[in-house]
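# Working through the structure, step by step
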Amino acid sequence: MTLTASRPLARASKAARAGRPRARWPLAALLGVMAVLTVSPFLVMLVVALSPAGRPTVPGRWPESLTFDNLARVLSSSGIAEWTVNSLVYSVVSVVIILLTASMAGYAFAKKRFPGRDAMFWTFLATMMVPFQATLIPTFVLVNGLGGVDTFWGLIVPTLANSQAVFLMRQFILGLPDELFDAAKVDGASELRVYWTIVVPLTKPILATLGVFVFLWHWNDFLWPLVVGQSDTTRTLTVGLTTLRTEELQLSVLMASATVSVVPCLVVFFLLQRYLVNSIAMTGLK
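Read on for an overview of the structure. Please read these numbers as outputs of a predicted model, since none were measured by experiment.

## Re the packing of aromatic side chains
Centre-to-centre distance and the angle between the planes together describe a pair of aromatic rings. Scanning the entire structure with this criterion turns up nine aromatic pairs. Ring plane angle 20° and centroid distance 6.4 Å describe the contact between Phe121 and Phe167, whose orientation is recorded as stacked. Of this pair, Phe121 sits in helix α4 (residues 117–126) while Phe167 sits in helix α7 (residues 163–174); the two residues are 46 residues apart in sequence, bridging distant segments of the chain. Looking at Phe121, the relative accessible area reads 2%, which means it is buried. For the ring pair Phe269 and Phe270, a centre distance of 5.7 Å and an interplane angle of 70° mean the geometry is edge-to-face. Phe269 sits in the partly exposed class, given a relative accessible area of 36%. Cluster of aromatic residues (ring-pair linked, three or more members): Phe109, Phe114, Phe121, Trp122 and Phe167. A cation sits over an aromatic face here: Arg170 above Phe121, 4.4 Å from the ring centre.

Here's what the structure looks like:
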């Protein structure tokens, strides 16, 4: 009877396994269409950037030949090179400081007990509901009064108080077992050592994920660099590219400039892609 009863179950499981690939086809097709629609503008931008200047190109027709002259012209321009360096300084320095301060604050809010902790956290978190445009003028008046206009510290410092980063770090650190911190305290470890040897290694996936987001936020930031950076010495790439539109440049050169601005974002994403996957996996396990 056991063998007779197990045969229908085996057939049902085999039929279920056979039906799974068919059931996944609609989802795979939908994801494929969405991927094509997402990548298409970037492919068009790249094709136009590699098209000869003054020649017809997409969407009207496919270019007869491709060339790197437009990219070479953009990279040889002193203005764009300086704007790119300014954007890298603005983004990288902001990422390092925000990750450091957000991880420390997240550890304090998650694992330390002190008076007014929850009230302070939720008050700080409430700033997420205030749009940056509402505080733009007061922030500019304050930075201008301190002499920070057209300086790198005036460009970077007002963007370092990132409540979203603190919230993400705090939520991630809440899931870490308290026994690790208790054992470190029993061994006589200081707070700095606990942070450096326990918090930082265990939060590498979320730090990498947050680092990508913060880098993209600052690299693509336009409004605040437009207000503060008033000369080429502090002007970022996003602001500098808008000044090229006032010049009589061909579309292929503008698309080459846009292509140059996208490359650092792709490099950062591919370098940290492994940590992004680990972050998603650890979130699912928790």
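## Digging into the pattern of salt bridges
For the structure shown, the criterion picks out four salt bridges. Across the pair Asp178 and Lys111 runs a salt bridge whose closest N-O atoms are separated by 2.5 Å. Taken together, the residues span a long stretch of sequence, with Asp178 in helix α8 (residues 178–186) and Lys111 in helix α3 (residues 78–111) at a distance of 67 residues. By relative accessible area, which is 17% here, Lys111 ends up buried. The shortest N-O distance in the salt bridge between Glu191 and Lys112 comes to 2.6 Å. You can see Glu191 sitting in helix α9 (residues 191–202) and its partner Lys112 sitting in the loop between α3 and α4, a full 79 residues away along the chain.

## Examining the nonpolar core
Counting 51 residues, the largest nonpolar core has Met169, Ile173, Phe181 and Trp224 as the members making the most contacts within it. When residues in this core are grouped by element, the largest group, ten residues, is from α3. Apart from the residues within four sequence positions on either side, Trp224 is in contact with Tyr90, Phe132, Leu136, Thr139, Phe140, Val143, Gly154, Leu155, Pro158 and Thr159.

Conventions we followed
Residues numbered from 1 in each chain as written. Predicted model: local features only at pLDDT ≥ 70, side-chain atom pairs only at ≥ 80, totals over all residues. Heavy atoms only, no water. Phe/Tyr/Trp six-rings, centres within 6.5 Å; stacked < 30°, edge-to-face > 60°. Helix = DSSP H or I, 4+ residues; strand = E, 2+ residues; numbered from the N terminus. Buried < 20%, exposed > 50% of the residue type's maximum accessible area, 1.4 Å probe, protein only. Lys NZ or Arg CZ within 6 Å of the ring centre and 35° of its normal. Salt bridge = Lys/Arg side-chain N within 4 Å of Asp/Glu carboxyl O. Core = buried A, V, L, I, M, F, W, Y, C linked by side-chain atoms within 4.5 Å. Contact = heavy atoms within 4.5 Å.

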